[in-house]
Amino acid sequence: MRTTAVVIGAGHAGLAMSRCLAERSIDHVVLERGEVANSWRTERWDSLRLLTPNWQSRLPGRPPGEEEPDGFRTMPETVDLIARYAEAISAPVQIHTAVTSVRRTGQGYAVSTDRGVWRSRSVVLATGACNVPRVPALAAALPRSVVTVTPDRYRNPEQLPEGGVLVVGASASGTQIADEIQRSGRAVTLSVGEHVRVPRAYRGRDIQWWMDGAGVLDERYDQVDNLERARGLPSAQLTGSDDRRTLDLNALTAAGVRLVGRLVGLSGGKAQFSGSLPNVCALADLKMDRLLDRIDEYAAESGLEDSTHPRHRFEPTALPTAPPLDLDLRSGEIRTIVWATGYRPDYSWLDVPVLDRKGRVRHDGGVVEAPGMYVMGIPFMRRRKSSLIDGAGDDARDLCAHLASYLDASSEAARSAASTRSRSPVSLPRLQGSAR
Amino acid sequence: MKTTTKAVDNGVNVQALLDAREALSEAPEATKFTWRATCTWVNGTHSQSTIDGFFGLGQEQRHRTEFTLEADHPEVFASEDHGATPVEIVLCGLASCLTAGVASVAQLREIQLHSVTAKLEAGMDIQGILGMDGDVRNGFDGIRVTYDIDADATPDEIRAVVAQSQKRSAVFDILTNPTNVTVQVN
């Protein structure tokens, strides 16, 4: 089977790319191991809702929906959004087709699947950043009496044994899961490392509305001071709910959750926690205040002072006086550990040497160093919003333009090589910076 | 926004550190350092440590000169007080590490420092070291560090420098996180 471009993954990122390829009449196929929006269907807990409001799902070519713009989609609604989008743009998705390898060939790539081999001149990796839950190595030495679960397998508190729960990680997943487990009557201890604290709403508007307006989400990868750090940030402590509540550490403390430092060791059946909790909270509070400063500046510059509530600051994170530095996991107090310690991508099927020593794709704003190969939908790939549904459109447009230039240039090179037998170097136009 | 009339200079060559980080990303083996100290018993609780060589950047390195450090215990412990107690030296290590970080981070962020003073306090219940109560730990029950910093920056910018310094501090890490310690006898 031959095509010009193979897109691997039919989530929002792969579909946005499909739409842009179709606009340029570039022949392509979207390969999907399961159904459209597979991870959203199979790897999310029951109560999860999108962290971004409904208006913030501006996928290219998506017809306007009928949803409440300021609401937050449940998982079935999110699956529905993406599935309807695939239909609306008539994406050429081949479902139940698992890619088993991608190799370089003379003219491009051979993409092997469990349903045959595709040959194409370019490949777009849109399998996402959250394929395999990260679990610390010390998990292997846990007492057997402790049950462990990762967020992709976690569904609801009722699936857990009665008794105490240690949730490790205070990102969006960790804080939401800690909150609902605590409310189920199980005593939760939350292990907190570096985290990103933001309020759900500020000055009467959703934080995403502010970040969108102030251009925070449009910040480009080549404009930030420390890209490595920006790409490694955990997800912000946000939850989508009808009452638009803020779910920060203060809210969790009020709900009865016990905070401890980052889990750093396991010794003699005891979990050991870092004494750095005050500093990680100080870092998060200062970072939140810098964001709010920026929002206030934007509000002043943009004449939003009158239409929004007055500026204010939130209470600093309240610290427990002496958080425990260890916890005996054999005492029976902790029956379950939830590893909300992030995810890593799985490129085990990618037989092209483009991974760095940590198994991440080396890329420049989504342009992978192997010619004709692109990646989509990973954190801060081209912009701060790259991992959001709302960020896929701008990234797909940019990368599709690059892909089209690559196809033109390589066709031109092939033609001139055939006619003159000389080798013209393939040169590509630099991507135009589309600063907001 | 502050207007800078003259270049910020905290005496830290940040460019050299940034260049080193860049160069080391190409040569990960050169990032492995080994630090050493030699301690000799003098008499009673008095000992003298010398610090001279270390390993790093792929080879043996030396300080410009050998340093010595006296340690002892005060007279209330029936000792002769020839030097700081080891736990006080630990506090100095933390303070110096954090303060070096404050200077470096401030330099990187173009914040001119005028004065930096850290005061440290650590509580300890000596029932632990005296073996009176097995439930009391030997070490500190906590360390409190208080900085007084005069710099050309807002209070939040100064707090952010101090927070970042903790985040990048080796001694802060050593004190807040467990470390395997192996003691052998030849």
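Scroll up to find the structure.
If you're wondering where the values come from, they're calculated on a predicted model, not measured in any experiment.

*Asks:* Teacher, can you tell me more about the overall build of chain A here?
*Replies:* Within chain A, the regular secondary structure consists of nine helices and 22 strands. In terms of overall dimensions, chain A is globule-like: its C-alpha atoms have a radius of gyration of 23 Å, near the 22 Å expected for 436 residues. By its C-alpha atoms, chain A is 80 × 60 × 40 Å across when sized along the principal axes. If you take every contact in chain A between residues at least 6 apart in sequence, the share linking residues at least 24 apart comes to 71%. Surface summary for chain A: the accessible area is close to 19400 Å², and the carbon and sulfur share equals 48%. Counting 56 positive and 53 negative side-chain charges, chain A places the averaged centre of each group 6 Å from the other.

*Asks:* In this structure, what is going on with the overall build of chain B? I would like to understand it.
*Replies:* When you go through chain B residue by residue, the secondary structure sums to four helices and five strands. The order of helices and strands in chain B, counted from the N terminus, is α-β-β-β-α-β-β-α-α. With the C-alpha coordinates aligned to their principal axes, the bounding extent of chain B is approximately 60 × 40 × 30 Å. Of the contacts formed within chain B by residues at least 6 apart in sequence, a portion of 51% connects residues at least 24 apart. Surface summary for chain B: the accessible area is close to 13000 Å², and the carbon and sulfur share equals 53%. In chain B, 14 side chains carry a positive charge and 26 a negative one; their mean positions are 8 Å apart.

*Asks:* Would you explain the sheet that holds strand 5 (residues 109-113) of chain A in this entry?
*Replies:* Backbone-to-backbone hydrogen bonds join strands into a sheet, with any given pair of strands oriented parallel or antiparallel. All names here are of chain A. If you trace the three strands from one edge of the open sheet to the other, you get 4-5-6, paired in antiparallel fashion. Each edge of the open sheet is held by one strand with a lone partner, namely strand 4 (99-104) and strand 6 (116-120). On average, each strand axis in the sheet is inclined to that of its neighbour by 15°, with strand direction left out of account. In terms of strand pairing, strand 5 meets strand 6 through five bridges, oriented antiparallel. Within strand 6, the position partnered with T113 by the bridge is G116.

*Asks:* Where do I start with the nonpolar core in this structure?
*Replies:* Soluble globular proteins tend to bury their nonpolar side chains together. All names here are of chain A. Ranked by size, the top nonpolar core spans 86 residues in total, and within it V102, L125, L190, M373 and M376 carry the most contacts. When residues of this core are assigned to their parent elements, the largest contribution, eight residues, is made by helix 9 (residues 392-420). The residues that make up this core include at least three from each of domain 1 (5-131 + 345-420) and domain 2 (135-342). Those residues in contact with L125 that sit more than four places away from it in its chain are I8, Y347, W349, L350, V361, M373, Y374, V375 and M376. Core analysis: the next-biggest nonpolar cluster, separate from the first, contains 18 residues, V196, V216, Y298 and L388 among them.

*Asks:* Help me out: how do you make sense of the interface of chain A and chain B in this one?
*Replies:* The figure often quoted for interface size is the accessible area lost as the parts come together. Between chain A and chain B, the residue contacts involve 15 residues of the former and twelve residues of the latter. Roughly 1000 Å² is buried in total at the junction of chain A and chain B, and carbon and sulfur atoms are behind 56% of that figure. Summed over the three residues of chain A that lose the most area to chain B, namely N279, L283 and L286 of chain A, the buried surface amounts to 42% of that side. Where chain A touches chain B, the interface holds five residue pairs in polar contact (both at pLDDT 80 or more). Every element with two or more residues in the side of chain A that touches chain B is listed here: strand 16 (270-273) and helix 8 (277-301) of chain A. For the side of chain A that touches chain B, the element with the highest residue contribution is helix 8 of chain A, accounting for five residues.

*Asks:* Help me understand the packing of helix 8 of chain A against helix 3 (residues 155-167) of chain B in this model?
*Replies:* A pair of packed helices is characterised by two quantities: the angle between their axes and the separation of those axes. Two elements in contact, helix 8 of chain A and helix 3 of chain B, have axes whose closest approach is 9 Å; the angle formed by their N-to-C orientations is 140°. Considered as vectors, helix 8 of chain A and helix 3 of chain B are oriented oblique to each other. Once helix 8 of chain A is placed against helix 3 of chain B, the crossing between them reads as left-handed. In this structure, helix 8 of chain A contributes N279, L283, L286, D289 and R290 of chain A to the contact, and helix 3 of chain B contributes D156, R159, A160, A163, Q164, Q166 and K167 of chain B. Residue composition of the contact of helix 8 of chain A with helix 3 of chain B, grouped by class: four nonpolar, three polar and five charged.

*Asks:* In this structure, what is going on with the side chain of D296 of chain A? I would like to understand it.
*Replies:* With respect to the helices, strands and loops of the structure, D296 of chain A is situated in helix 8. When neighbours within four sequence positions are excluded, D296 of chain A is seen to be in contact with Y202, R203, E305, R311 and R313 of chain A.

Procedures and definitions
Residues numbered from 1 in each chain as written. Chains lettered and ligands numbered in written order. Predicted model: local features only at pLDDT ≥ 70, side-chain atom pairs only at ≥ 80, totals over all residues. Heavy atoms only, no water. Helix = DSSP H or I, 4+ residues; strand = E, 2+ residues; numbered from the N terminus. Rg over C-alpha atoms; globule rule 2.2 N^0.38 Å. Contact = heavy atoms within 4.5 Å. Areas by Shrake-Rupley, 256 points an atom, 1.4 Å probe, with all protein chains shown as cover. Lys, Arg positive; Asp, Glu negative; His and termini not counted. Charge placed at Lys NZ, Arg CZ, Asp CG, Glu CD. Pairing = 2+ DSSP bridges. Axes fitted to C-alpha atoms, helices over the stretch in contact; angles between N-to-C directions. Core = buried A, V, L, I, M, F, W, Y, C linked by side-chain atoms within 4.5 Å. Buried < 20%, exposed > 50% of the residue type's maximum accessible area, 1.4 Å probe, protein only. Domains from an automatic or database assignment. Buried area = accessible area lost by both parts, 1.4 Å probe. Polar contact = N/O pair within 3.5 Å; in protein donor to acceptor, adjacent residues only side chain to side chain. Parallel < 35°, antiparallel > 145°, perpendicular 65-115°, else oblique. Left-handed = near helix turned anticlockwise from the far one by under 90°. Nonpolar A, V, L, I, M, F, W, Y, C, P; charged D, E, K, R; others polar.

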